[in-house]
Structures are given as C-alpha cells and as structure tokens.
Amino acid sequence: MAEKEQKERKRKPMVGLQPEGDVDWSSYRGVLVVVEQRAGKAKSVSWQLLGQGRRLADKLEAPLMALVIGSNVSHLAREAIYYGADRVFLCDSPELENYRTRPYSRVCLHVIRTYKPEIVLMGATYTGRDLAGAIATHLPTGLTADSTQLDVDDERLLLASRPAFSEKMLATILCKQFKPQMATARAGVFEALPRDESRTGEIIPVPPQMKPEEITTEVLEFLEATGKVNLEDADVIVAGGRGLGGPGAFRLLQDLADELGGVVGASRAAVDLGWIGHDHQIGQTGATVRPKLYFAIGISGAIQHVVGMQNATYIVAINKDPEAPIFKIANYGIVGDLFQIVPAITNAIRQRKAAKDAADPQQPSTPQTV
Amino acid sequence: MLHLVVCIKQVPDSREIRIDPKTNTLVREGVPAIVNYFDLHALEEALRIKDEHGARVTVITMGPPSAEKALRQCISMGADEAVLVSDRAFAGADTLATSYVLALAIQKAEDEWGPVDMVLCGKQTLDGDTGQVGPGIACRLDIEQLTYVEKVEYLDTEKREIVVHRHLEDGVERVKAKLPVLITALAELNRPRRASLPGLLRAARYRPIVWTTNDFPNIDRSKIGLRGSPTIVSKTWVPEPKQVNTEFIEGDGPEAVAQALIDRLYATDLPQKLGWT
Ligand SMILES: Cc1cc2nc3c(=O)[nH]c(=O)nc-3n(C[C@H](O)[C@H](O)[C@H](O)COP(=O)(O)OP(=O)(O)OC[C@H]3O[C@@H](n4cnc5c(N)ncnc54)[C@H](O)[C@@H]3O)c2cc1C
Ligand SMILES: Nc1ncnc2c1ncn2[C@@H]1O[C@H](COP(=O)(O)O)[C@@H](O)[C@H]1O
C-alpha cells in the first residue's frame, strides 16, 4: 500500500484539466486554420477551410489566420494569404519535415496560447484528427470531429454540425465553456476561394517548440500509394455502380473520364463485389467529394452514397429505372441502358473536340504528347 | 512481462439504427449492442503480442453495467483481466471527459498490475465516431501516440522499440517510437480471433472488476461526466434530401441523347470552369 501511494505521488499531474494561463476568453478573437502539407504540398482541404474560415471571420469581423508547419514551406505561407488569410504563422524547421504529433502539437499550442484565436479549424484527415485530438486535450477545450457545416451565431459561438448515426442524422455541437472552439472538417465539403495573388497579408515566423533530440518518434519512410485515385480533388468524377454488371464496364467509364480529364468513382456495391478498389468508393464509408461534374452511372442513389456526392455542382444520372432515387438529386437524367449511352457520350465529346481542332488547328484541345 | 491495456466500448450497431419517418427520431429498440468494431482489432493485436512476447492484457471500458457483456466477450478471446469503470457520475461524457477517466483507470491498472507498456484503442467508435479518445488518453498519460495503425512491423521488447505502419490518405508511413505508446487500430491491422473453448468457459464465470468514482481518490469531479464535457449537442435533425428540378433528356436513340446532354453541359458554366474549349 505504501508503495502504491508512493507511485501515485511520483506521477506528474495530468495535463488537460485546467487551461494554462489567463482564462479571459474575451481576448480570443479570429479564426485559425492549421494548414496540412506533405513535402511542401498543401492538402486541398486546407484551402477549403481557409475559404470557410474567411466567411466566418468576416461574419465575426475578426482576422483569419493560418498556421503552416514543416520544412521549406515558406511558399505555403504566401499561398495561405492568396487563399484568404490575413496573417500566417510560419514554423519552418528541418526537424518538422515529417508530421509527428508532439513537435507539431507544441507549435500549435504555442500559437494558440500566444495569439488566442476564438476558433481553430483543421482538416478531418488522418493527420488532422491526430493533431486536433492532442491539442484539444492539452488546452483543454471542446472539439467537434468531422464537421460538414460550420457557422457562427450572434454570440460568436461556433455551430459545428456533423453527421451522426451513420449519416442518418445531423447534430450541431457547441462549446460554450472554453476557447478556442475547435473543429475538424471533411475534405470536399467547403469551397476554397479563388487563388488571388494580389492579396496581401502578414507572415509571422514562429520557432519550433521542441529540440530535435527531445523528439523520440522517427518517421522511417513514407511509401506513397501510387495509382491511388484522388477523388477529393477531382473536378470531374465518373462513378459506376452495381448496374455495370461486372468489372469490364468500368473501362467505358474510364474512357469517358479520360475525355473529360476526370477520374473514376464507384458505389459501395461495385467495390464490395470486387469490381474496383476501395479507394474509388464514394459515400458514407468512402470519400466525400465535391466535383464540378458527377456522373452516376448504374447507381441507384442510396442515401449512404448520396451523402458523399450530393454537393457536386452538376449531377448527371444514367439509369434504366426511371424511379431510381438518384434522379431526385440529378440535374440531368437519362433513362436508358448505360452500355449504349456511355459510349455515345464519350463519342459525342470526341467529335466535338475533333470539330474544334479542325476549326482551330493551332490549338488542339486534346493533350498532345511531344 | 509486458502490460498491455486495451480500451473498448460497447456501442449500438449504428448500421441497424433507423429513423422513424413520422417523428424524425432514432429508433433504438432492438438495436444490438456490440463491441465497437475497431476495438476488436485493437484487442486482437494485443493478444498477438501476448502470443509472441508474453504479456498481460487488461481490457478497460467506461460504460453502464450492461457493458459487462462486452468485457466478457474480450475475456473469451483471451484477455487476462477486464475492468468496468462505471458510475452515474461518468454519464454524458464527451471525448475530453472520457479520456480523463480512462487515463485515470489506466494509471490505476498500473498500480494494480504493473507499468503499462502499450495502450491500444480502436480507430474510432460507431456512435461517438470521433477518433479523439485515443489521442486524448495519450496526451493525459504523456505518452507517444501512433494513430491509424494498419500494421505492427516489429516490437523489440529489449530495446523497447516499436515500428508501425500508419495509414494515410496518400500512402503509408513507417514510424518508429519508444515504449510506452498508444496505438489506434484500423480494420486492416488483423483479423480478430474467435473465442476459444477455455476462453468461453472462463468468460461464463468471469465477473469484471468494477471501479467507481470512489476508487479514484484524486479524481476531479468537475472534469467528469456531463459537467466535465465542454461540447454540447444543441440540436439534431434529419437532413432534408436535396431537391433539384431534374431535366430528363430524351431523344431518338443513344447518339441523339448523348448529343443533347453535351449541348446542355456546354451551355452551363462548366466549359469555362473546367477549361473546355
Ligand atoms: C453502414 C453502411 C454504409 C454504406 N456506405 C456506403 C458508401 O460509402 N457508398 C455507397 O455507395 N454505398 C454505401 N452503402 C451501401 C448503400 O446502401 C447501397 O447498397 C449502395 O450504394 C448501392 O450501390 P448501387 O447503387 O451501385 O447498387 P444498386 O442499388 O443495386 O443499384 C444499381 C442500379 O443500376 C441500375 N442499372 C442496372 N443495370 C443498368 C443498365 N444496364 N443501365 C443503366 N442502369 C442500370 C439499376 O436500375 C439500379 O438503380 C452503405 C450501406 C451501409 C449499411
Ligand atoms: N467509453 C469508452 N470506454 C473505453 N474505451 C473507449 C470509450 N470511448 C472510446 N474509447 C476508445 O477510444 C476509441 C475512439 O473512440 P471515439 O473517440 O469515441 O471515436 C475507441 O475505439 C475505443 O478504443
């Protein structure tokens, strides 16, 4: 027993029970977006969040801030300004080349405690969730995961809404007790502002908060998944479902996607049948996408699929069943057999391009190999 | 011997939850309670380490008394001890309050059964669905966290080093860390085993250890349960399905339909936005 008590006494006090420093929440102002990057390339969700952050900051009449962490990433600080930030914190240091929870979270904590944003947003990516969970506990504050709607009310409260119970419901979550109010948000849900190089802003350097020798984890290597589709960033997605009848018909979809400079997506049914890889899956248990143009081909339009693609700007549905629910959300519907319709569309586009090329031979619209 | 703690949660199988279309409320009746899917993968990984290196596996859950059943399932698979952290005062906890109580419970498990080398959690729960509790626990215990692990490449118990593969959107990262660590498990990590016969027999007789607030003399009662939870659910609603005026495109044969569609698309702002010429 005595031994036990001694052990308890030896323990450091647990973090995340009381906010550190002053708790005058009224001094917290503005929106901070933590920019995620790998090898100097930002994730598109970061710019999307700056877009939404700009809307919230304008409503709050407060500044929009961004935090860029990494090694050789000063260009991203400028990019963050082009995408809407007024002020960017830049922590650029060799030991921060790869994301690791502790050194990154210490930088975030330092910036949050020093510059006191009232809202902090991050992408609901693997890295974003890892980092946000650590920061929110340290501060401590409330954190809403995986938001799909973000707004503020008259009392400057962040209204973070997220799907619950397998997307069957939405819930709005508030944090009244602490600042900053934190949320992670899904990729593809919010729209980035157009990149504007004429925008100006302030870049504030921030030192790393851990010495390299204090960092005990080591990233040995990063194995890039080659051939993985990038659905989240695609402007055009041609998606197929069980109606394709087999893996072969995805060839037809690929042809159409190639003509449009797009990528191929799929419903879960097609993925579960093994016709195409899981990284093509769109919907609740796959990717949430926001392309400008979405083809739903041989997809019935189950709610679990629709939640992942309903924010496409234009939706074209091709289905032989006129009652298929997908038509309810489609801008253009074609009732018919996909095996006839899809090649016809591909052809029509080719012909249109060929006609254009014939009229204007100097500028072929199909990419040419040199 | 290694001491591994697995955090599991009993959850309603959300795939079975329906919305009553008349009242727009959740129908929970008859929805089975299961051990959160990813947590079984966390447990399986602990059991594999136990098989290979020898380890003591303690399973912990914070939940209502009915979560006993979930703990017995873990015992039947091969866990050594199961703890139910249960008290009315814990009810209504969000991830911040949950991670606090679980961290306290892990410290108490250390006092009872020796220092913890590894904490294993699931990637996320089916009901809470945040993936925040794992990082929260790591933070509270001040240990390293390795989230979204799809493979444990090796564990060196002498050097106290672990190398795991973390799954990311665009690839896989191999990371080395020093024990103690907390890992969160993906489904790709392993395939959970079935209960063994001796395991089932042991589980049938097994009564989980129950800890209440009284078992944590230093607990800060303002940091637990609903009171200790900064996030508040202000409203829930069933989303309206998006309604658009669908234009059905018809024509004489597939070519005509295709041509009509292309004409429509070219008449929108798509050519300008996508750089079609
Ligand atoms: C927990 C959970 C999570 C889920 N997550 C997802 C998810 O992330 N993504 C997802 O997509 N689904 C998901 N689902 C599954 C979802 O409920 C549906 O089962 C699935 O989306 C159906 O896929 P489908 O539309 O391809 O197949 P079906 O519903 O079988 O539809 C096939 C369609 O093809 C049409 N068709 C057939 N032949 C032709 C033809 N020759 N020409 C034209 N049309 C044709 C048919 O009329 C039909 O409408 C999930 C389900 C659950 C329970
Ligand atoms: N009440 C709980 N008791 C034990 N473990 C939990 C509890 N809640 C969450 N966890 C663990 O934390 C993980 C992530 O949960 P969540 O943050 O709710 O998505 C789960 O997979 C469990 O391993």
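The following paragraphs examine the structure supplied in this document. (Residues numbered from 1 in each chain as written. Chains lettered and ligands numbered in written order. Predicted model: local features only at pLDDT ≥ 70, side-chain atom pairs only at ≥ 80, totals over all residues. Heavy atoms only, no water.)

1. Quick notes on the environment of Gln149(A)
Within the element layout of this structure, Gln149(A) appears in strand 8 (residues 149–152). In this structure Gln149(A) comes out as partly exposed when scored by relative accessible area, which is 35%. It is 6.8 Å that separates the C-alpha atoms of Gln149(A) and Arg162(A), two residues lying 13 residues apart in sequence. Filtering out sequence-adjacent residues up to four positions away, Gln149(A) remains in contact with Leu159(A), Ala160(A), Ser161(A), Leu170(A), Phe190(A) and Trp237(B). (Helix = DSSP H or I, 4+ residues; strand = E, 2+ residues; numbered from the N terminus. Buried < 20%, exposed > 50% of the residue type's maximum accessible area, 1.4 Å probe, protein only. Contact = heavy atoms within 4.5 Å.)

2. Side note on the site of ligand 2
Residue and element names in this part refer to chain B. Within the structure, ligand 2 sits among 19 residues, and Cys7, Asp39, Thr125, Thr130 and Gly131 are positioned closest to it. One nitrogen or oxygen atom from the side chain of Thr125 is found 2.8 Å from an oxygen atom belonging to ligand 2. Computed on the free molecule, ligand 2 has an accessible area of 480 Å², of which 97% lies beneath the protein chains in the complex. Elements that contribute at least two residues to the shell around ligand 2 include exactly strand 6 (55–62), helix 3 (95–113) and strand 8 (118–122). A total of 3 residues in the shell around ligand 2 trace back to one element, the largest contributor, which is strand 6. Counted by class, the shell around ligand 2 contains 7 nonpolar, 9 polar and 3 charged residues. (Near = heavy atom within 4 Å. Polar contact = N/O pair within 3.5 Å; in protein donor to acceptor, adjacent residues only side chain to side chain. Areas by Shrake-Rupley, 256 points an atom, 1.4 Å probe, with all protein chains shown as cover. Nonpolar A, V, L, I, M, F, W, Y, C, P; charged D, E, K, R; others polar.)

3. Describing the nonpolar core
Formed by 41 residues in total, the largest nonpolar core has its most connected members in Leu293(A), Phe295(A), Ile297(A), Ile318(A) and Ile345(A). If we skip the residues at most four places from it in the chain, Ile318(A) touches Phe295(A), Ala296(A), Ile297(A), Gly298(A), Ile334(A), Gly336(A), Leu338(A), Ile341(A), Val342(A) and Ile345(A). Listed in part, the 40 residues of the second largest apolar core include Ile8(B), Leu43(B), Ile75(B) and Ala82(B). (Core = buried A, V, L, I, M, F, W, Y, C linked by side-chain atoms within 4.5 Å.)

4. What about the pattern of salt bridges?
The full count for this structure, using the stated rule, is 46 salt bridges over all chains. Here the residues in one salt-bridge network are Arg38(A), Asp130(A), Arg166(B), Asp170(B) and Glu173(B), joined through shared partners. (Salt bridge = Lys/Arg side-chain N within 4 Å of Asp/Glu carboxyl O.)

Everything listed is a geometric property; what it means functionally is a separate question.
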